[in-house]
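Architecture at a glance
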Amino acid sequence: FMLKEIYEQPQAIIETLRGRISGDFNLIRLRGLNENLNFLKTVKKIIIIACGTSWHAGLVGEYLIEGISRIPVEVEYASEFLYRDPLISTSDMIIAISQSGETADTLSALKLAKQRGAFVYGICNVVGSSIARCAGVGTYTHAGPEIGVASTKSFTSQVTVLILISLFLAKLKKKITTAQFTSITKELFLISEKMKKTLLSVDNEIQQLSKLYEKAKNFLYLGRGISFPVALEGALKLKEISYIHAEGYPAAEMKHGPIALIDKEMPVIVIATKKGHYEKIVSNIQEIKSRKGKIISIITQGDEIVKELSDCYIEIPE
Ligand code: F6R
């Protein structure tokens, strides 16, 4: 089921976007946001609460919302948020993210935020679930049923909703030009097809790569910027499914400790696409290489520099 659901991601994205972007690519319709424009114009802070994979999607959301709409965002583990008497005000928006909509910690954290008068918003996959009902307003991801225990296509759909929210808020707060807005909304519709082609083209390489590294005891996943939470998510999937110890790290943090672990036995998966801190990630890769770590990179198609530095690479379209 997990593999099947990985291959369902291109369709999941289409379902998440369906009906939410206008035909001229200039408007986003999200239930609960369109009806609360006055509140959103002055929202002071957004707190995202979630667990596990949904928390990783929330971290991607932090980069997106802060980056595009310039509203401060905090991302909290629902379980920690709940037990530390958090500071919540009526001018805050709380976004609870949950595939199942039934995770007890996320539900309790959402209830607490609601009691304290914040504007609460749910991003759930399962229609009519407890978190969706408790939030009252929100967006369903419509990724389709996720049967595999490890969350995959839900993450992709959650990130898609967070992109829509960040664009919506950026437009409302006039932080984005119409040209930038429409170029992103148009691109969103192209991602599904790119994803479909990529999944097919990398299938073989990934199977070979798994055979090559199946005996490894540890893995490091590195990324910078928005790719950092993606690295965390990759490490979580490996731990959960193959019982191999894996850690996700922001690539630049590696020198503050984990670099000591790198030797020829340590495969390091580096998300090294051209968007975002590319030169810096190249220098992080050189550091790993000087310690003889095995580099498995995820690169932008045609990137000869990182390809040259890597033991294995997976190419993805820009
Ligand atoms: C990881 C995984 C879990 C869930 C977490 C939250 O693959 O499935 O970490 O993401 O238990 O679940 P939801 O999103 O249903 O609240």
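Notes on the structure in this doc start here. (Residues numbered from 1 in each chain as written. Predicted model: local features only at pLDDT ≥ 70, side-chain atom pairs only at ≥ 80, totals over all residues. Heavy atoms only, no water.)

**Remarks on the overall build of the protein**
A tally of helices and strands in the protein yields twelve helices and ten strands. Computed over C-alpha atoms, the radius of gyration of the protein comes to 20 Å, within 12% of the 20 Å expected from 2.2 N^0.38 for 318 residues, which places it in the range of a compact globule. Its C-alpha atoms give the protein principal-axis dimensions of about 55 × 45 × 35 Å. Within the protein, counting contacts between residues at least 6 apart in sequence, those at least 24 apart form 73% of the total. Put simply, the protein shows about 15100 Å² of open surface, and 56% of that area lies on carbon and sulfur atoms. Computed over 39 positive and 34 negative side-chain charges, the inter-centroid distance for the protein is 5 Å. (Helix = DSSP H or I, 4+ residues; strand = E, 2+ residues; numbered from the N terminus. Rg over C-alpha atoms; globule rule 2.2 N^0.38 Å. Contact = heavy atoms within 4.5 Å. Areas by Shrake-Rupley, 256 points an atom, 1.4 Å probe, with all protein chains shown as cover. Lys, Arg positive; Asp, Glu negative; His and termini not counted. Charge placed at Lys NZ, Arg CZ, Asp CG, Glu CD.)

**With respect to a nonpolar patch on the surface**
Together, Leu3, Tyr7 and Leu200 make up a nonpolar patch on the protein surface, roughly 330 Å² of accessible area in all. With respect to the helices and strands, Tyr7 occurs in helix α1 (residues 2–7). (Patch = residues over 30% accessible without salt bridge, like charges linked within 9 Å, V, L, I, M, F, W, Y side chains within 5 Å. Salt bridge = Lys/Arg side-chain N within 4 Å of Asp/Glu carboxyl O.)

**Some points on unusual backbone geometry**
Peptide bonds are, in most cases, trans, and in most cases residues other than glycine have a negative phi. In this structure, Asp85 takes a positive phi of about 45° despite not being glycine. Mapped onto the elements of the fold, Asp85 is located in the loop between α5 (78–82) and β3 (92–98). Even without being a glycine, Lys292 presents a positive backbone phi close to 70°. Summarising the element assignment, Lys292 is placed in the loop between α11 (278–290) and β9 (294–300).

**Considering the pattern of salt bridges**
Under the defined criterion, the tally for this structure stands at 14 salt bridges. A salt bridge links Glu8 to Lys4, with the shortest nitrogen-to-oxygen separation between them at 2.7 Å. In this structure, Lys215 and Glu214 form a salt bridge, with 3.8 Å as the shortest nitrogen-oxygen distance. For the pair Lys215 and Glu214, a shared accessibility class is recorded, and that class is exposed. Salt bridges here are not isolated pairs; linked through shared partners, they connect Lys4, Glu8 and Lys153. (Buried < 20%, exposed > 50% of the residue type's maximum accessible area, 1.4 Å probe, protein only.)

**Here's the deal with the packing of aromatic side chains**
Given two aromatic rings, their pairing is described by the distance between the two centres and the angle made by the two planes. All told, the structure shown has five aromatic pairs when counted by the stated rule. Arranged with centres 6.5 Å apart and planes meeting at 40°, the rings of Phe219 and Tyr221 form a pair that is tilted. Tyr221 carries the same exposure label as Phe219, and that label is buried. Three or more aromatic residues joined by ring pairs make a cluster, and in this case those are Phe39, Phe119 and Tyr121. The cationic tip of Lys171 hangs over the ring face of Phe181; the distance from NZ or CZ to the ring centre is 5.2 Å. Sitting above the plane of the Tyr278 ring, Lys274 keeps its charged end 5.4 Å from the centroid. (Phe/Tyr/Trp six-rings, centres within 6.5 Å; stacked < 30°, edge-to-face > 60°. Lys NZ or Arg CZ within 6 Å of the ring centre and 35° of its normal.)

**Some thoughts on the nonpolar core**
Formed by 45 residues in total, the largest nonpolar core has its most connected members in Ile46, Met93, Ile95, Tyr121 and Ile165. Looking at this core element by element, the count peaks at twelve residues for helix α8 (residues 153–172). Ignoring sequence-local partners within four residues, the contact set of Ile165 consists of Leu30, Leu33, Ile65, Ile95, Tyr121 and Ile123. (Core = buried A, V, L, I, M, F, W, Y, C linked by side-chain atoms within 4.5 Å.)

**Focus: the environment of Cys51**
Summarising the element assignment, Cys51 is placed in the loop between β1 (45–50) and α4 (52–69). Residues Cys51 and Ile298, spaced 247 residues apart in sequence, show a C-alpha to C-alpha distance of 26 Å. Apart from the residues within four sequence positions on either side, Cys51 is in contact with Ala78, Thr103, Asp105 and Thr106.

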